[in-house]
Amino acid sequence: MAGGKEIRTKIKSVENTRKITRAMEMVAAAKMRKAQERMRASRPYAEKIRNVAAHLSRANPEYEHSFLTKREKIENVGLIVVTSDKGLCGGLNTNILRLAVSHMKTWEDEGKGIMVCPIGNKGLGFMSRIGAKVKSNLTGLGDTPHIEKLIGAVKVMLDAYAAGEIDAIYLGYNHFINTMKQEPRLEQLLPLSGEQLGTAKGNWDYIYEPEAKQVIDELLVRYIESLVYQSVVENMASEQSARMVAMKAASDNAKSVIGDLKLIYNKARQAAITREISEIVSGAAAV
């Protein structure tokens, strides 16, 4: 009964796979709750620093930071794209990378140079394969991102923008909407526009110490870093949600495959028994 043995081996293999996917589903569910809590905890800070930056950008009109100045001609574009370090999370990375490639092709057709800063191992591997110019990168953030780790890679892009090597910077990431839905987004990071900062409510009178230039310079850099950090925690919450859904779908599919294989095994077993009975009856009749 070689056919039956092969089918039993397949059933055992799929059952082992299902155990793994169920374990990964439970791990992703636990990490997803923590990632969502971290994401929601960071949103009030991001909103508050946005409000402060909106007021400060208008409170001292005699000094205009380079982050607020729109370049006359955009020749080089910087792209910070946030992906995951690990796979098995459905089409999460594919969606954001497809969106990034679409915009990169548009910029190339317009004759613009492109410098890329991938955050996440999947993004770095993809950008290296397509031959993109990687200005800086960051991998191995783990399950708990820290803004101290992000500062280095982001600062390289900000310094390039301040030096005039890059005329605009865009940020791509997966925005968390709910457990079942994550939306890939590509937003302009620099130069900062009025829509990004929002409308300042009322006029705040500031007393600067040590001076307005230093305060505004530091604040806008922190503001950009907070935007990148917020995109990373949003992407991590999206990653764990997508992985949990993908592993649940894999477990359900494995269960369905096991059922089909067991049905095939039972049919093969019954056919073998029927064949043996027929051979015995035929032999008895011949005698």
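That block above? That's the structure.
The notes below deal with the structure included here. Remember, predicted model here, so these are calculated numbers, not experimental data. (Residues numbered from 1 in each chain as written. Predicted model: local features only at pLDDT ≥ 70, side-chain atom pairs only at ≥ 80, totals over all residues. Heavy atoms only, no water.)

1. Some points on the overall build of the protein chain
Using the following cut-off: Secondary structure elements are taken from DSSP: a helix is a run of H or I of four residues or more, a strand is a run of E of two residues or more, and numbering for both begins at the N terminus. For a compact globule the rule gives 2.2 Å times the number of residues to the power 0.38, and the radius of gyration it is set against comes from C-alpha atoms. Three exposure classes are used, based on accessible area relative to the maximum for each residue type with a 1.4 Å probe and protein chains only: buried under 20%, partly exposed in between, and exposed over 50%. Here, two residues are considered to be in contact whenever any of their heavy atoms come within 4.5 Å of each other. Each accessible area is a Shrake-Rupley estimate made with a 1.4 Å probe; only the visible protein chains count as cover when residues are assessed.
Counting its regular elements, the protein chain contains six helices and four strands. What you see for the protein chain is a C-alpha radius of gyration of 28 Å, clearly larger than the 19 Å of a compact globule of 287 residues, by over 25%. Seen through its C-alpha atoms, the protein chain measures out along the principal axes to roughly 115 × 40 × 25 Å. Taken across its 287 residues, the protein chain has 42% of its residues classed as buried. In the protein chain, of all internal contacts separated by at least 6 residues, the share reaching a separation of at least 24 is 78%. Summing over all exposed atoms, the protein chain offers an accessible surface of approximately 16000 Å²; the carbon and sulfur share of this is 53%.

2. Section: helix α2 (residues 92-109)
Given 3.6 residues to a turn, an α-helix orients residues that are three or four positions apart in the same direction. Quick reminder of the rule: A helix's residues, less one, multiplied by 1.5 Å, set its expected span.
Between its first and last C-alpha, α2 extends 27 Å over 18 residues, near the 26 Å set by a 1.5 Å rise per residue. Next to the buried residues of α2 lie β1 (76-82), β2 (113-119), α3 (121-129), β3 (168-178), β4 (181-190) and α6 (212-286). Trailing α2 by a residue or two, Gly111 shows a phi angle of about 80°, which is positive.

3. Brief notes about the packing of aromatic side chains
Test applied: Only Phe, Tyr and Trp rings are paired, with Trp represented by its six-membered ring, and only when their centres lie within 6.5 Å; those with planes under 30 degrees apart are stacked, over 60 edge-to-face, the remainder tilted. Both a distance and an angle decide whether a charge sits over a ring: NZ of Lys or CZ of Arg must be within 6 Å of the ring centre and within 35 degrees of the ring normal.
Tallied over the entire structure, the rule returns one aromatic pair. Between the aromatic rings of Trp107 and Tyr170, the centroid separation amounts to 5.0 Å while the plane-to-plane angle is 40°, which identifies the pairing as tilted. With Trp107 in helix α2 and Tyr170 in strand β3, the pair connects residues that are 63 residues apart, well separated along the chain. You can call Tyr170 buried: its relative accessible area is 19%. The ring of Tyr161 has Arg71 lying over it, and the distance from NZ or CZ to the ring centre is 4.2 Å.

4. A short note on the nonpolar core
What counts here: In this description, a nonpolar core means a group of buried Ala, Val, Leu, Ile, Met, Phe, Trp, Tyr and Cys residues linked to one another through side-chain atoms lying within 4.5 Å.
Ranked by size, the top nonpolar core spans 43 residues in total, and within it Ile119, Ile169 and Ile224 carry the most contacts. For this core, the secondary-structure elements that each account for two or more residues are α1 (2-59), β1, β2, α4 (147-162), β3, β4 and α6. If you tally residues by element for this core, the top one is α6, at 13 residues. If we ignore the near neighbours within four places in the chain, the residues touching Ile224 are Phe67, Val154, Leu158, Leu189, Leu190 and Leu192. Counting residues in hydrophobic clusters, the runner-up holds 17 residues, among them Ile114, Val116, Ala132 and Leu186.

5. As for the layout of surface pockets
Inclusion rule: Of the two site types, the cavity is a set of points on a 1 Å grid over the protein atoms alone where a 1.4 Å probe fits but cannot get out, and the pocket is an open set with protein on both sides within 12 Å along at least five of seven lines, each lined by residues with an atom within 4 Å of a point. Grid points are joined across faces, edges and corners, and a volume is the space filled by probe spheres set on the points. Note that Gly is not counted as nonpolar here; it falls among the polar residues with everything else outside the nonpolar set of Ala, Val, Leu, Ile, Met, Phe, Trp, Tyr, Cys and Pro and the charged set of Asp, Glu, Lys and Arg.
The computed volume of the largest pocket comes to approximately 410 Å³. Contributing to the lining of the largest pocket are 26 residues, with Lys31, Asp143, Glu239, Gln240 and Arg243 lying nearest its centre. Secondary-structure elements contributing two or more residues to the lining of the largest pocket are α1 and α6. In terms of residue class, the lining of the largest pocket is built from ten nonpolar, eight polar and eight charged. When its volume is computed, the second largest pocket comes out at roughly 350 Å³. In this structure, the second largest pocket is lined by 17 residues; those nearest its centre are Arg50, Tyr173, Glu187, Leu227 and Gln230.

6. Focus on the environment of Arg243
In this fold, Arg243 is placed in helix α6. Separated by 215 residues in the primary sequence, Arg243 and Ala28 place their C-alpha atoms 6.3 Å from one another. Beyond its immediate sequence surroundings of up to four residues, Arg243 is in contact with Ala28, Lys86, Gly87, Leu88 and Cys89.

7. Brief notes about the sheet that holds β2
Let me state the cut-off plainly: Pairing between strands requires that DSSP locate at least two bridges from one strand to the other. Whenever a helix is involved, its axis is fitted only over the stretch in contact; in every case the axis is a line through C-alpha atoms, and angles between N-to-C directions fall within 0 to 180 degrees.
Taken together, the four strands give an open sheet; going across it, the order is β2-β1-β3-β4, and neighbouring strands pair in mixed fashion. Looking at the sheet topology across the chains shown, the edges are occupied by β2 and β4. Looking at each pair of strands side by side, their axes are set apart by 20° on average, direction ignored. Set on the sheet, α6 makes contact with β1, β2, β3 and β4; between it and β3 the angle comes to about 40°.

8. Some points on α3
Selection criterion: What the arc covers is the set of directions going from the helix axis to the C-beta atoms.
All of the buried residues in α3 are Gly123, Leu124, Phe126 and Met127. For α3, the arc enclosing every buried residue in end-on projection is 165°, short of the 170-degree limit, so these residues lie on one face. Check the buried side of α3 and you find it contacts β1, α2 and β2.

9. Looking at the side chain of Gln240
Here Gln240 shows up in helix α6. On the basis of relative accessibility, which here comes to 8%, the residue Gln240 falls in the buried class. Apart from the residues within four sequence positions on either side, Gln240 is in contact with Ala28, Lys31, Met32, Ala35 and Asp143.

10. Points about the side chain of Asp167
What counts here: Polar contacts, as used here, are pairs of N or O atoms within 3.5 Å; protein pairs need one atom able to donate a hydrogen and one able to accept it. Residues neighboring in sequence count only if both atoms are side-chain atoms.
With respect to the helices and strands, the residue Asp167 is situated in the loop between α4 and β3. Using a relative accessible area of 8% as the deciding quantity, one classes Asp167 as buried. A distance of 2.8 Å separates a polar side-chain atom of Asp167 from the backbone nitrogen of Glu75. What Asp167 contacts, discounting residues up to four positions off in sequence, is Arg71, Lys73, Ile74, Glu75, Asn76, Tyr161 and Pro191.

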